[in-house]
Amino acid sequence: MSDERQKQLWRAARRVPPVQPPEDFCADVLRVIRQDASGTLAARSGTLADQISALLPRLAAAALVIIVAAVVWEIFADGDFVVQLAEATDEWLLPVNWL
Amino acid sequence: MATWTDFAAQGAEAQADSGLDAAAREEIALLRRIRDGSGDEFAEVIRRHKSRVFSILSRYERDAHLVEDLAQETFLKAWRALKQFDGRAPFEHWLSRIAVHVAIDHIRARRDREVRFSDLGEDAAEWLQNLHPTQNPQPHAAREILDLAMRKLSAEDRLVLTMLEIEEYSVKEICARTGWTSIMTRVRAFRARAKLKVALLELEATATENLTRQRETK
């Protein structure tokens, strides 16, 4: 195709009128935006899995605090913490007559 | 990154300093109110800019329903990204850039890469057959031919040609709307023109073959 014919094509294509927005376009977009906003809020509240995932770091932190407290107790407090804990477990959690 | 308050204050001041009209300052204030929670005022933004957005998107998609969907997507993206608008450029440029990116994504997602002569209407086919060499093509026929030929081009190639030839933007304006460098734009335009020329030649050859076959049949 010659350059002149290509130019003819472009010139003609420029004259194609653009699509006109429909009357209710604003309302439609606002509706979509509201749906999007409410969808975002729902996503924020999250599924059960999301909530568990959010809790896991707290559970991990709580476990770490207990471990550190146990180690500190073991080092600085009188008596053997592990032995005391084993006794308490034997007496209260796994009594002989319970088995 | 500048905060919204920064943008509103600095942008308004900068625009006032640079002597921009009251309408631009009023728009900054409007956008600030929307950001501060007056979401319903976004309707005013849509009302002001919808024609421009439809005009941009119509260059890349002929189906009116799809253009409307793309325009909705453009405004939704603008709404979501409103915090990122820093007020240094006019809002219309920022919104146009979003529309252009929506158009690029749309072209990329389209699957009709195959160029079939049978997709052309009668006017377009006749013009390609060159039965009346002096006759200019009808606007819709020209658009059909170019759309079909550009199916072989990448989204970026199609974008640069449409901006140069249909929207008649300068290279500088294309850079502003796409984020490309000047050299990248020029190189891409040069290569895209070459690819389009090959595609149009192939279409023309197919049209001539069809015409010869029709005459032989008669």
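See above for the structure.
Residues numbered from 1 in each chain as written. Chains lettered and ligands numbered in written order. Predicted model: local features only at pLDDT ≥ 70, side-chain atom pairs only at ≥ 80, totals over all residues. Heavy atoms only, no water.

J.: Got a minute to help me understand the overall build of chain B in this structure?
T.: Along chain B, the regular secondary structure elements total ten helices and zero strands. Secondary structure elements of chain B occur, N-terminal to C-terminal, as α-α-α-α-α-α-α-α-α-α. Within chain B, buried positions represent 46% of all 218 residues. Surface summary for chain B: the accessible area is close to 11500 Å², and the carbon and sulfur share equals 50%. (Helix = DSSP H or I, 4+ residues; strand = E, 2+ residues; numbered from the N terminus. Buried < 20%, exposed > 50% of the residue type's maximum accessible area, 1.4 Å probe, protein only. Areas by Shrake-Rupley, 256 points an atom, 1.4 Å probe, with all protein chains shown as cover.)

J.: Sorry, what's going on with helix 1 (residues 3–14) of chain A here?
T.: An α-helical segment advances 3.6 residues per turn. Residues three or four places apart therefore align on the same side. For helix 1 of chain A, built from twelve residues, the straight-helix expectation of 16 Å at 1.5 Å per residue is met to within 8% by its first-to-last C-alpha distance of 17 Å. Looking only at helix 1 of chain A, the buried set comprises Arg5(A), Gln6(A), Gln8(A), Leu9(A), Trp10(A), Ala12(A) and Ala13(A). Looking at the packing, one finds that the buried side of helix 1 of chain A touches helix 6 (122–128), helix 7 (139–149), helix 8 (155–166) and helix 10 (182–217) of chain B. (Expected span 1.5 Å × (residues − 1). Contact = heavy atoms within 4.5 Å.)

J.: Which parts of the structure should I look at to understand the interface of chain B and chain A?
T.: It is common to report an interface's size as the accessible area lost on association of the parts. Each side of the interface is counted separately: chain B has 46 residues, and chain A has 27 residues. Overall, the association of chain B and chain A removes approximately 3400 Å² of surface from exposure, summing both partners, and the carbon and sulfur fraction of that is 67%. On the surface where chain B and chain A come into contact, there are five salt bridges. In this structure, the salt-bridge partner of Glu204(B) is Arg5(A), at a minimum N-O distance of 3.0 Å. Remark: the boundary between chain B and chain A carries seven residue pairs in polar contact (both at pLDDT 80 or more). For the side of chain B that touches chain A, the secondary-structure elements that each account for two or more residues are helix 3 (42–58), helix 4 (64–80), helix 6, helix 7, helix 8 and helix 10 of chain B. Residues of the side of chain B that touches chain A, tallied by class, amount to 24 nonpolar, ten polar and twelve charged. (Buried area = accessible area lost by both parts, 1.4 Å probe. Salt bridge = Lys/Arg side-chain N within 4 Å of Asp/Glu carboxyl O. Polar contact = N/O pair within 3.5 Å; in protein donor to acceptor, adjacent residues only side chain to side chain. Nonpolar A, V, L, I, M, F, W, Y, C, P; charged D, E, K, R; others polar.)

J.: Could you clarify how one ought to interpret the side chain of Asp36(A) in this entry?
T.: Examined against the element boundaries, Asp36(A) turns out to sit in helix 2 (residues 25–45). Taking the relative accessible area as the measure of exposure, Asp36(A) reaches 18% and is therefore buried. A polar atom in the side chain of Asp36(A) sits 2.5 Å from the side chain of Arg80(B). If near-sequence neighbours (up to four positions away) are discounted, Asp36(A) is found in contact with Leu76(B) and Arg80(B).

J.: Would you mind showing me how to read a nonpolar patch on the surface here?
T.: All names here are of chain A. The grouping of Leu64, Ile67, Val68, Val71, Val72, Ile75 and Phe76 at the surface amounts to a nonpolar patch, some 700 Å² of accessible area in total. Take valine 72: it is sitting in helix 3 (residues 48–76). For valine 72, a relative accessible area of 40% puts it in the partly exposed group. (Patch = residues over 30% accessible without salt bridge, like charges linked within 9 Å, V, L, I, M, F, W, Y side chains within 5 Å.)

J.: Quick question: what am I supposed to make of the pattern of salt bridges here?
T.: Side-chain pairing between opposite charges can occur once the charged atoms of the two side chains come close. Residue and element names in this part refer to chain B. In the structure shown here, the tally under the stated rule is 24 salt bridges over all chains. Note that arginine 47 is salt-bridged to glutamate 44, the shortest N-O span being 2.6 Å. Separated by three residues within a single helix, arginine 47 and glutamate 44 lie in helix 3, roughly one turn from each other. A residue is classified by how much of its surface remains accessible, and arginine 47, at 48% relative accessible area, is partly exposed. A salt bridge links arginine 52 to glutamate 92; the shortest N-O distance between them is 3.6 Å. One end of the pair, arginine 52, is in helix 3; the other, glutamate 92, is in helix 5 (residues 91–109), and 40 residues separate them in sequence. Residue classification places glutamate 92 among the partly exposed positions, given a relative accessible area of 34%. Look at the salt bridges and you will find they share partners, linking Glu26, Glu27, Glu44, Arg47 and Arg48 into a network.

Don't take any of this as a statement about function, it's just geometry.
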